[in-house]
Amino acid sequence: MSLEQVVYCAKAKATGGRDGRATSSDGVLDVKLGVPKEMGGAGGEVTNPEQLFAAGYSACFLGAMKFVAGRDKISMPKDAWIEGEVGIGPIPNGFGIEATLNIHLPEMDEAEAKKLVDAAHIVCPYSNATRNNIDVTLNIVR
């Protein structure tokens with residue numbers, strides 16, 4: 001799928017691979033990267049690509065829900081939040097990831113919540129990028 005128009009382009013630089021640093025071109029993002037203990041690394045006060053992906057997908061999906069709620073006149077709880085989980089593991093030709101979004105919509109009607117989440121999954125850029133590429137699970141948490 002090609003974009004009709006690019007309205008924003010984020011730029012980030014990574015050095016050192018999983019044991020390095022990632023910075024954005026505007027200097028706002030500046031994080032130390034490290035391999036988690038579960039993957040044989042030292043762990044510690046570092047982040048990793050999976051945490052960054054989980055944060056990005058969660059924020060983007062929440063934004064997509066807000067967009068859909070406004071567009072479709074759905075009342076969405078102001079205290080809604082999402083906890084993303086990104087797992088990594090071996091696949092036959094290398095490594096793969098999977099994503100789970102635990103979507104918290106306090107006191108929202110179950111049918112309306114499902115309608116909102118399903119519509120957001122259609123418009124969210126991360127959902128569009130991952131669709132049919134990795135396993136994505138959407139959990140509406142009551």
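Counting from 1, residues in each chain are numbered in the order their sequence is written. Confidence filtering applies because this is a predicted model: local features only for residues at pLDDT of at least 70, side-chain atom pairs given and counted only at 80 or more, and all residues used for totals across whole chains, interfaces and linings. Values shown for side chains rest on all heavy atoms present in the structure; no hydrogens or waters enter the calculation.

Novice: An account of the side chain of N102 is requested, with residue identities and associated values reported.
Specialist: Strands here are runs of E lasting at least two residues and helices are runs of H or I lasting at least four, both read from the DSSP assignment and numbered beginning at the N terminus. Topologically, N102 is positioned in strand β5 (residues 94-104). Within polar-contact distance, the side chain of N102 engages the side chain of E85 at 2.7 Å. As used in this structure description, the phrase polar contact means that two N or O atoms lie within 3.5 Å; if the pair is within protein, one of them must be able to donate a hydrogen and the other to accept it, and residues adjacent in sequence are counted only when both atoms belong to side chains. Within polar-contact distance, the side chain of N102 engages the side chain of N139 at 3.0 Å. Contacts were defined at the residue level, with two residues in contact if any of their heavy atoms lie within 4.5 Å. Other than its neighbours up to four places away in sequence, N102 contacts W81, I82, E83, E85, N139 and V141.

Novice: Requested: an account of the sheet that holds strand β1 (residues 12-15), with residues and values cited.
Specialist: For two strands to be treated as a pair, DSSP must find at least two bridges joining them. Pairing is antiparallel across the open sheet formed by three strands, whose spatial order is β1-β2-β3. In this open sheet, the two strands that pair with only one neighbour each are β1 and β3 (30-32). Neighbour-to-neighbour, the strand axes of the sheet open up by a mean angle of 10 degrees, direction not taken into account. Helix axes are fitted only over the stretch in contact, all axes being lines through C-alpha atoms; the angle between N-to-C directions runs from 0 to 180 degrees.

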